Structures are given as structure tokens and as C-alpha cells.
Amino acid sequence: SSQSSGSQVAARIGELAKEALLADDLASLERWVDGLRASGETPAFTERLGAMARLGRGDIGDALRVLRRTRQELDPQDHRRRCQTSLALGVALSVAGRPDEALLESLDALARARQIKDDRGARACMTFLAKLYTMTGRDDEAARLRQATL
């Protein structure tokens, strides 16, 4: 059906967008985000990636606003999307120099990942939490988390 092929295209664009984000290729990321918006698929994912592109450009306040709004609009029981959005918000808060708030968001993301038994999501949260602990001089906690993710 055309709808499932549309979903497949959107999924592939989503993968390409994630690759661009990881490669720190903001121009490509923004193009893929525009493509996702045009496809109408997964608005929360699209908004989250768009916010990460803004963050990369230095539009920190804008990224924070988008991520907070996106999280607010999600179903509180949608633990997967809430986890992903809270983790993205944690990253944005850390870039904004607000490590305590970033820590709270990341802990929320980790709790949700564990609730739905998402091991990959939990590992991503713990890796980011270890970075946050290192940033705030809490090296013992960081070392314990790094050990737990091995």
C-alpha cells in the first residue's frame, strides 16, 4: 500500500537524519528534517531532530522551547517518545549550561527506558548521565555509570 511505502520512506529519512545528527552535519540534518515535516510522519521525532539542529546552530533558547512543547504534547504514557524527548531536552539543557536540570531530564528518560525495557535507550541515557556527572565534577558517579554500561 502507498501508506506503508510512505512510512518506509519516512523511516529511511529518519535514519538519514539521525546519521547527519551523529556526524554533526547540520545542513543535511535540516534538509532531512524538512523532508520528514513534508511527509507528515512522526511529528514528535521530526520536532526533536529539528530542535537538535537548532541546538547545533546555537539557537539554544529556541531548541529548549521546542523540546519542552513537544514533551508537553506527548501522552504521559508514551514512555518511548517521552524518554527520547527528555533525553534530547537533557542534552539541550546541558549545552545551555544547566546541568542540574539536564540531570533531572536524563534521569526521567532513564526511568522511562527501564520501564519499557529499552536497553539501548537506557544505555544512551546512562552514557549521557556519565558525561553530565563528569561535567559537574562527580567523577565517582560517572565511573560507576560507565562501568554499568559496559
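Just so it is clear, the model here is predicted, and its values are computed rather than measured. (Residues numbered from 1 in each chain as written. Predicted model: local features only at pLDDT ≥ 70, side-chain atom pairs only at ≥ 80, totals over all residues. Heavy atoms only, no water.)

S.K.: I tried to follow the overall build of the chain on my own but got confused; where do I start?
M.R.: Looking only at helices and strands, the chain has eight helices and zero strands in total. Listing each helix as α and each strand as β along the chain from the N terminus yields α-α-α-α-α-α-α-α. Scored against the burial criterion, the 150 residues of the chain give a buried share of 41%. The contacts in the chain between residues at least 6 apart in sequence include a share of 43% that link residues at least 24 apart. (Helix = DSSP H or I, 4+ residues; strand = E, 2+ residues; numbered from the N terminus. Buried < 20%, exposed > 50% of the residue type's maximum accessible area, 1.4 Å probe, protein only. Contact = heavy atoms within 4.5 Å.)

S.K.: Would you take a moment to explain the pattern of salt bridges for this structure?
M.R.: Any two side chains of opposite charge can pair, on the condition that their charged atoms come close. Counting across every chain of the model gives 15 salt bridges. With a shortest N-O distance of 3.4 Å, Glu 47 and Arg 69 are connected by a salt bridge. With Glu 47 in helix α3 (residues 43–57) and Arg 69 in helix α4 (residues 60–73), this pair connects stretches of sequence that are 22 residues apart. The residue Arg 81 makes a salt bridge to Asp 78 at a minimum N-O spacing of 3.4 Å. Accessibility expressed as a relative area gives 22% for Asp 78, which makes it partly exposed. Ionic contacts of the salt-bridge type, sharing partners, join the residues Asp 34, Arg 37, Glu 47, Arg 69 and Glu 73 into one network. (Salt bridge = Lys/Arg side-chain N within 4 Å of Asp/Glu carboxyl O.)

S.K.: When you look at the side chain of Asp 118 in this model, what are you seeing that I'm missing?
M.R.: For Asp 118, the position within the fold is in the loop between α6 (99–115) and α7 (119–135). Within the local environment of Asp 118, its side chain forms a polar contact with the backbone nitrogen of Arg 120, the two atoms lying 3.3 Å apart. (Polar contact = N/O pair within 3.5 Å; in protein donor to acceptor, adjacent residues only side chain to side chain.)

S.K.: Explanation requested: the nonpolar core in the structure shown.
M.R.: Where a protein is soluble and globular, its nonpolar side chains tend to be buried together. Counting 28 residues, the largest nonpolar core has Leu 67, Leu 110, Cys 125, Leu 129, Leu 132 and Leu 145 as the members making the most contacts within it. Going through the elements one at a time, α3, α4, α5 (79–95), α6, α7 and α8 (139–148) are the ones with two or more residues in this core. Apart from residues no more than four positions distant in its own chain, Leu 132 is found in contact with Ser 94, Pro 99, Ala 102, Leu 103 and Ser 106. (Core = buried A, V, L, I, M, F, W, Y, C linked by side-chain atoms within 4.5 Å.)

S.K.: Just to check I follow, could you spell out α6 for this structure?
M.R.: The end-to-end C-alpha separation of α6 is 24 Å, in line with the 24 Å expected for 17 residues at 1.5 Å each. All of the buried residues in α6 are Ala 102, Leu 103, Glu 105, Ser 106, Ala 109, Leu 110, Arg 112 and Ala 113. Each element contacted by the buried residues of α6 is listed here: α4, α5 and α7. Two residues or fewer past α6, Lys 117 is found with a positive phi of approximately 55 degrees. (Expected span 1.5 Å × (residues − 1).)

S.K.: Can you walk me through unusual backbone geometry in this structure?
M.R.: Backbone phi values are negative for most residues with the exception of glycine, while trans is the configuration of most peptide bonds. A positive phi angle, close to 55 degrees, is found at Lys 117, a residue other than glycine. In this structure, Lys 117 sits in the loop between α6 and α7. A relative accessible area of 69% means that Lys 117 is categorised as exposed.

S.K.: In this structure, what is going on with the packing of α7 against α8? I would like to understand it.
M.R.: The description of two packed helices rests on the angle between their axes and on the distance between the axes. Where α7 contacts α8, the two axes come as close as 8 Å, and the packing angle between them is 160 degrees. One way to sum up the angle between α7 and α8 is to call them roughly antiparallel. Relative to α8, α7 is oriented so that their crossing is left-handed. Packed against α7, whose contacting residues are Met 126, Leu 129, Ala 130, Lys 131, Tyr 133 and Thr 134, the element α8 presents Asp 139, Glu 141, Ala 142, Leu 145, Arg 146 and Ala 148 at the interface. Here the residues of the contact of α7 with α8 sort into seven nonpolar, one polar and four charged. (Axes fitted to C-alpha atoms, helices over the stretch in contact; angles between N-to-C directions. Parallel < 35°, antiparallel > 145°, perpendicular 65-115°, else oblique. Left-handed = near helix turned anticlockwise from the far one by under 90°. Nonpolar A, V, L, I, M, F, W, Y, C, P; charged D, E, K, R; others polar.)

S.K.: What am I meant to see in the environment of Met 126 here?
M.R.: Tracing the sequence through the fold places Met 126 in helix α7. Each C-alpha atom, one on Met 126 and one on Arg 144, is 9.9 Å from the other, the two residues being 18 residues apart in sequence. Excluding its chain neighbours within four sequence positions, the residues that come into contact with Met 126 are Leu 110, Arg 114, Leu 145, Ala 148 and Thr 149.

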